[in-house]
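# Breakdown of the fold
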Amino acid sequence: MNSIFHDMIGHHIEVYIDDIVVKSKQADDHIEHLRKSFQRMRQHELKLNPFKCAFGVKAENFLGFLVHQRGVEVDKNKEKAIMEANPPRNKKELQCFLVQVNYLRRFISNLARKMKEFSQLLKLKDIREFKWEDSLQKDFDVIKRYLSNPHVLMPLRPILSGRIGKWSLALAEFTLIYYPQKSVKGQAIADFLADHPSLDEPIGEHASVDSEENPLFDSAKRDSGRYAQLGYKLSWKGLDGLLLRCIGFPEVLEIMKQVHEEVCGAHQSGVKMTWLIRRYGYYWLSILKDCIKYAKGCQPCQKHGNIQRIPTDELHSVVKPWLFKGWAMDLVGKIYLASSKGHSFILVATNFLTKWVEAMSLKKVEQGDVINFVKENIIHRFGIPESLTTD
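Everything numeric here is computed off the predicted structure, so don't read it as measured data.

Glancing now at the overall build of the chain. When helices and strands are counted, the chain shows 14 helices and 13 strands. Across the 391 residues that make up the chain, the buried fraction comes to 28%. Just so you have it, the chain exposes about 29,000 Å², and 55% of that area is on carbon and sulfur atoms.

Next up, the structure:
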């Protein structure tokens, strides 16, 4: 699946074994993303189960978690199983409880400290020594209380402070869309005068610049909101509001040489050179591209830099090199209509190397049936596997 959707994963598709999610930030783009996804599936002759498909939803259960536009939440069924759990009476029940809690570890802050007391009971070899004390019951109740109001996992955002941070938190619950206005020449000059009231030199259309001497003048006409003329000098206004002097080709080479390899230079990378040059107050249109090209062509950097240990060929995925050491297991169903014996589920296991398939039909899926399938069809026939992958 990863090789089929290799260029879509991370953009508008997420894949885990045979589960696929097509996501879109805007509702208008969702139809186009679905069309591309269906074309790729049809190209590789993939078939979908219509009873397991849902379209146009803003929230959906995926891999045991509730995923929506705000983030990821705990599935109510898994939360309910932990909330209704009784205090463990033996080591086996404690292990089952810890497995359930560990599945939701991302939603519990500092879980390792909360489960520290339980680890002592897991080391017991004699079952008769198992004692559930008050301190264990306290940590047990803390985990339940924490899951009674679980957090929502959201993508990381830059940490803001001061007035901007307060407004960001206040507006976080609203969905805001920014529509930039087209730049107006007179408005751009007025904004510049408001930001720099102490400048006495002529600005804007009152100064004359020869476009042949400075090729950036043509770009300034197209984007007048970011450029300003101070006399016969053209300047570029950065995001921080500071003016950077626009320079031509002869000066570009000299400045890159000074920044990279002269007295003040330390043979930095092209990205760091770009940052330094802008810090010194200079700018041109292809500054990042030129700095990266200059840094790559520096001979001392090639001689004394770190050895690039990148392989000459692209890396390829390696399957398990030994027979029956890696298996992938999945459940197919519910199948309509059921068989004559009432079987409506199929439990399938496939070996990574040989592609050998083991399968068993079931009326209903229970824990004991899966355990017996792994023992009888995999372990007893081929030995204990090194890995067993399933969702």
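Residues Phe 97, Val 101, Leu 104, Met 115, Phe 118 and Ile 143 are the most contacted members of the largest nonpolar core, which totals 21 residues. Put simply, the parts of the chain that give this core at least two residues each are α3 (91-103), α5 (116-122) and α6 (134-147). Contacts of Ile 143, omitting those with residues within four sequence positions, involve Val 101, Ile 108, Leu 111, Lys 114, Met 115 and Phe 118. Grouped together as the second largest cluster of nonpolar side chains are 18 residues, Trp 236, Met 256, Met 273 and Trp 284 included.

Right, let's talk about the sheet that holds strand β7 (residues 233-237) for a bit. A sheet is described by the order of its strands in space; here four strands give the open sequence β6-β7-β8-β9, paired in mixed fashion. One side of each edge strand has no neighbouring strand; the edge strands of this open sheet are β6 (227-230) and β9 (282-283). Where β7 and strand β8 (residues 243-246) come together, three bridges link them in antiparallel fashion. Opposite Trp 236, over in β8, you have Leu 244 as the bridge partner.

Moving on, we come to the sheet that holds strand β13 (residues 387-389). Picture the strands of a sheet paired through backbone hydrogen bonds; they go either parallel or antiparallel. Pairing is mixed in the open sheet, where four strands are placed in the order β12-β11-β10-β13. Of all the strands in the sheet, the pair left with one neighbour each is β12 (357-362) and β13. The sheet shows a mean angle of 20° between the axes of neighbouring strands, taken without regard to direction. With three bridges joining them, strand β10 (residues 326-332) and β13 adopt parallel strand pairing. If you follow Gly 326 over to β13, its bridge partner there is Ser 387. Here helix α14 (residues 367-382) sits on the sheet in contact with β10, β11 (345-351), β12 and β13, set at roughly 155° to β12.

The next subject is the packing of aromatic side chains. Across all of its chains, the model carries five aromatic pairs by this definition. Seen from their ring centres, Trp 327 and Phe 382 are 5.4 Å apart, and the 45° between their planes marks the pair as tilted. Taken together, the residues span a long stretch of sequence, with Trp 327 in strand β10 and Phe 382 in helix α14 at a distance of 55 residues.

Here we take up the pattern of salt bridges. Counting across every chain of the model gives seven salt bridges. In this structure, the salt-bridge partner of Glu 366 is Lys 364, at a minimum N-O distance of 3.2 Å. Overall, the relative accessible area of 39% leaves Glu 366 in the partly exposed class.

One way to put it is that helix α2 (residues 76-83) packs onto α3 with a least axis distance of 10 Å and a crossing angle of 145°. Like other packed secondary-structure pairs, α2 and α3 cross with a definite hand, here left-handed. The segment α2 lies against α3, with Lys 78, Ala 81 and Ile 82 engaging Phe 97, Gln 100, Val 101 and Tyr 103. A per-class count over the contact of α2 with α3 returns five nonpolar, one polar and one charged.

Quick look at the state of the cysteines now. Counted by the stated rule, this structure contains zero disulfides. The structure places no disulfide on Cys 301, whose sulfur is separated from the nearest cysteine sulfur, that of Cys 298, by 3.5 Å.

For the bond running from Gly 333 to Lys 334, omega is 10°, close enough to zero to count as cis. Backbone geometry places Glu 45, a non-glycine residue, at a positive phi of 60°. Along the chain, Glu 45 falls in the loop between α1 (27-43) and β3 (59-62). Overall, Glu 45 belongs to the exposed group, its relative accessible area being 69%. The phi angle at Lys 355 is positive, at roughly 65°, despite the residue not being glycine.

Tracing the chain through its elements places Asn 351 in strand β11. Looking at Asn 351, its side chain comes within polar contact range of the main-chain oxygen of Gly 326, at 3.0 Å. If we ignore the near neighbours within four places in the chain, the residues touching Asn 351 are Phe 324, Lys 325, Gly 326, Trp 327 and Trp 356.

Take helix α12 (residues 287-296) next. Within α12, burial applies to Ile 287, Cys 291 and Ala 295. Taken end-on, α12 shows its buried residues confined to a sector of 60°, consistent with a single buried face. Opposite the buried face of α12, at more than 90 degrees from it, the exposed residues are Lys 289, Lys 293 and Lys 296. Those residues of α12 that are buried are in contact with α10 (249-261), α11 (270-279), β9 and α13 (299-304).

The rules behind each value
Residues numbered from 1 in each chain as written. Predicted model: local features only at pLDDT ≥ 70, side-chain atom pairs only at ≥ 80, totals over all residues. Heavy atoms only, no water. Helix = DSSP H or I, 4+ residues; strand = E, 2+ residues; numbered from the N terminus. Buried < 20%, exposed > 50% of the residue type's maximum accessible area, 1.4 Å probe, protein only. Areas by Shrake-Rupley, 256 points an atom, 1.4 Å probe, with all protein chains shown as cover. Core = buried A, V, L, I, M, F, W, Y, C linked by side-chain atoms within 4.5 Å. Contact = heavy atoms within 4.5 Å. Pairing = 2+ DSSP bridges. Axes fitted to C-alpha atoms, helices over the stretch in contact; angles between N-to-C directions. Phe/Tyr/Trp six-rings, centres within 6.5 Å; stacked < 30°, edge-to-face > 60°. Salt bridge = Lys/Arg side-chain N within 4 Å of Asp/Glu carboxyl O. Left-handed = near helix turned anticlockwise from the far one by under 90°. Nonpolar A, V, L, I, M, F, W, Y, C, P; charged D, E, K, R; others polar. Disulfide = S-S within 2.5 Å. Polar contact = N/O pair within 3.5 Å; in protein donor to acceptor, adjacent residues only side chain to side chain. Arc of directions from axis to C-beta.

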